[in-house]
Amino acid sequence: MNILVLNCGSSTLKFQLISTDSEKIENHSDQRLAHGQIERIGGAAIITLKAEGKSPKRSAEPVRDIKSAVEIVLRWIASDESGIEQVSSLSDIHAIGHRVVHGGEHFTESVLIDDEVLHGIEDCIDLAPLHNPANVAGINAIRNTLGKGVPQAAVFDTAFHQTLPEIAYLYALPYQFYRRHKIRRYGFHGTSHRYIAYRYRNMLNIPRENVKILTLHLGNGCSIAAIKDGKSFDTSMGLTPLEGLVMGTRSGDIDPAIFEFIAAKEGLSVQEAETLLNTQSGLLGISGLTNDMRELLAEAEENNDRRSKIAIEIFCYRVSKYIGAYLAAINGADAIVFSGGIGENSPYIRSLICERLNWLGVRLDKEKNEVQTNGNEGIISIDGSSINIYTIPTNEELLIARDTVRLIGS
Ligand code: AMP
């Protein structure tokens, strides 16, 4: 089956076309056929479309909304120009899997989309006002173009974390705010943490119940999850993705009183202060240069840039601190797994983070960390390390495609 995986954001649409079915899932022979993205939707958009093994096609044109963006992607996939052998018309796209950001407390797993599910996703707009409307627009765009007969599945960023116990998900606020407004920790990147935990137990050939690990998704957005008995027990993002680790442009944890303070001092509304914490803070805010870790590492090394260096150090310090806290939360762990653009690719960041775990008997294998697993799956700690350290590249799109196939099958 050819599954189109869509990740519709407020101004960006990312997609992958993946060929998979139950047999391919069993043999791990799923195949990506094409991928791409449309950025700056709502204005002069930049379109990147790429079939596997072919060179990417880049163009710029005005794209009004998510609906138009979805139509552009569908038209290209079905066209001769794309050169995707397995697809010659729209009927060769067999189902759609959507990455949906917020499923609230209602959605604890992936589901096939019908009218009731669509309303459920709309009900969560309050909790994710920027993201869920884009997801709904994507679902409707597919219905309009391909018809209601083409199955669509919703895979929620929050679903994996619905197993968090009360002690981890309740904030110490007046309890009625949870009852009235559902203010609680939801957590995000759930599909990524679930995929990493799944690859880990596959690699070790152990049952799900025996998985007791910390998973680190360190990309432009960053989060950590403590997984116990194969289930998410705690995670660093909260009601929104703003909480927790230092990220590319997000502050992560801060004293909540800073909100009001910034707003008063800078003459900003609460909304503007929140935007500042989401888009102008984190690595970008501290360095004053960039949210891109690769660029920061280059600045630090080539120009000895002080603020780049401190941004990198704060980033790693916060991760180590969370590791300490989460080891206490689940009474120790068998492994810590690095993932995401930074976690998968930067031996230096991994070593800075693990240095603070030396007291615990954690020891990286220098060579494995540097060379062997750069962007690959594997162990990077020495034999005698008290906790094994791994890198496992995440693949949320693959999990979304597989969930879609499973849901259609059932
Ligand atoms: P993601 O959001 O998972 O795509 O990750 C994006 C982040 O990963 C950016 O900050 C990149 O600079 C960072 N990244 C990618 N490759 C490397 C690398 N080789 N070393 C350090 N950071 C990297």
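As a reminder, the structure under discussion sits directly above these lines.
Residues numbered from 1 in each chain as written. Predicted model: local features only at pLDDT ≥ 70, side-chain atom pairs only at ≥ 80, totals over all residues. Heavy atoms only, no water.

Draft legend 1. Spotlight on the overall build of the chain. Each helix and strand counted, the chain has 16 helices and 14 strands in total. Relative to its length of 410 residues, the chain is compact, with a C-alpha radius of gyration of 21 Å against a globular reference of 22 Å. Considering only C-alpha atoms, the chain reaches an extent of 60 × 55 × 50 Å along its principal axes. Burial statistics for the chain: of 410 residues in total, 51% are counted as buried. Here the analysis covers contacts within the chain between residues at least 6 apart in sequence; of these, 62% occur between residues at least 24 apart. (Helix = DSSP H or I, 4+ residues; strand = E, 2+ residues; numbered from the N terminus. Rg over C-alpha atoms; globule rule 2.2 N^0.38 Å. Buried < 20%, exposed > 50% of the residue type's maximum accessible area, 1.4 Å probe, protein only. Contact = heavy atoms within 4.5 Å.)

Draft legend 2. Structural view of unusual backbone geometry. Phi is positive for H28, which is not a glycine, with a value near 55°. Mapped onto the secondary structure, H28 falls in the loop between α1 (22–27) and β3 (31–39). Backbone geometry places N205, a non-glycine residue, at a positive phi of 55°. With respect to the helices and strands, the residue N205 is situated in the loop between α7 (190–204) and β9 (213–218).

Draft legend 3. Here's a closer look at the sheet that holds strand β1 (residues 2–8). With mixed pairing, the eight strands of this open sheet are ordered in space as β5-β4-β3-β2-β1-β6-β8-β7. Only two strands of the sheet have a single neighbouring strand rather than two, namely β5 (57–62) and β7 (111–112). Pairing of β3 with strand β4 (residues 44–51) involves six bridges; the strand directions are antiparallel. Looking at the pairing, A34 lines up with A51 of β4. Of the strands in this sheet, β1, β2 (13–19), β3, β4 and β5 touch helix α2 (residues 66–78), which is tilted by about 30° from β2. (Pairing = 2+ DSSP bridges. Axes fitted to C-alpha atoms, helices over the stretch in contact; angles between N-to-C directions.)

Draft legend 4. Quick peek at the packing of α7 against helix α16 (residues 396–409). Axis separation between α7 and α16 bottoms out at 9 Å; the angle between their running directions is 85°. With respect to each other, α7 and α16 are oriented roughly perpendicular. The segment α7 lies against α16, with T191, S192, R194, Y195 and Y198 engaging E396, L398, L399, I400, R402 and D403. Tallied by class, the residues present in the contact of α7 with α16 amount to five nonpolar, two polar and four charged. (Parallel < 35°, antiparallel > 145°, perpendicular 65-115°, else oblique. Nonpolar A, V, L, I, M, F, W, Y, C, P; charged D, E, K, R; others polar.)

Draft legend 5. Layout of α16. Spanning 14 residues, α16 covers 20 Å between terminal C-alpha atoms, matching the ideal 20 Å at 1.5 Å per step. The buried count for α16 comes to ten of 14 residues, which makes it a mostly enclosed element. (Expected span 1.5 Å × (residues − 1).)

Draft legend 6. Looking closely at the pairing of strand β12 (residues 335–339). Across the five residues of β12, five count as buried, placing the element largely inside the fold. A two-sided burial pattern is seen for β12, the buried positions comprising A335, V337 and S339 on one face and I336 and F338 on the other. Strand direction decides the pairing type here: β9 and β12, joined by five bridges, are parallel. Its bridge partner being in β12, L216 is matched across the sheet by F338. Alignment of β12 against strand β14 (residues 388–391), held across four bridges, turns out to be parallel.

Draft legend 7. Main features of the state of the cysteines. Across all of its chains, the model carries zero disulfides by this definition. C8 supplies the cysteine sulfur nearest to C124, a cysteine that is in no disulfide, at a spacing of 17 Å. Left unpaired, C354 is separated from the closest cysteine sulfur, that of C316, by 9.7 Å. (Disulfide = S-S within 2.5 Å.)

Draft legend 8. Fine view of the environment of L216. Considering the arrangement of structural elements, one finds L216 in strand β9. For the pair L216 and I196, spaced 20 residues apart in sequence, the C-alpha to C-alpha distance is 9.1 Å. Ignoring sequence-local partners within four residues, the contact set of L216 consists of S223, I224, V319, I323, I336, V337, F338 and S339.

Draft legend 9. Structural context of the pattern of salt bridges. According to the stated counting rule, one finds 15 salt bridges in the structure shown. In this structure, R99 and D157 form a salt bridge, with 2.9 Å as the shortest nitrogen-oxygen distance. With R99 in strand β6 (residues 95–100) and D157 in the loop between β8 (152–156) and α5 (166–169), this residue pair connects regions lying 58 residues apart in the sequence. We note that R99, like D157, is buried. For the salt bridge of K148 with D115, the shortest nitrogen-to-oxygen distance reads 3.4 Å. Of the two residues, K148 is situated in the loop between α4 (132–146) and β8 and D115 in helix α3 (residues 115–123); the sequence distance between them amounts to 33 residues. Take D115: its relative accessible area is 38%, and that puts it in the partly exposed class. (Salt bridge = Lys/Arg side-chain N within 4 Å of Asp/Glu carboxyl O.)

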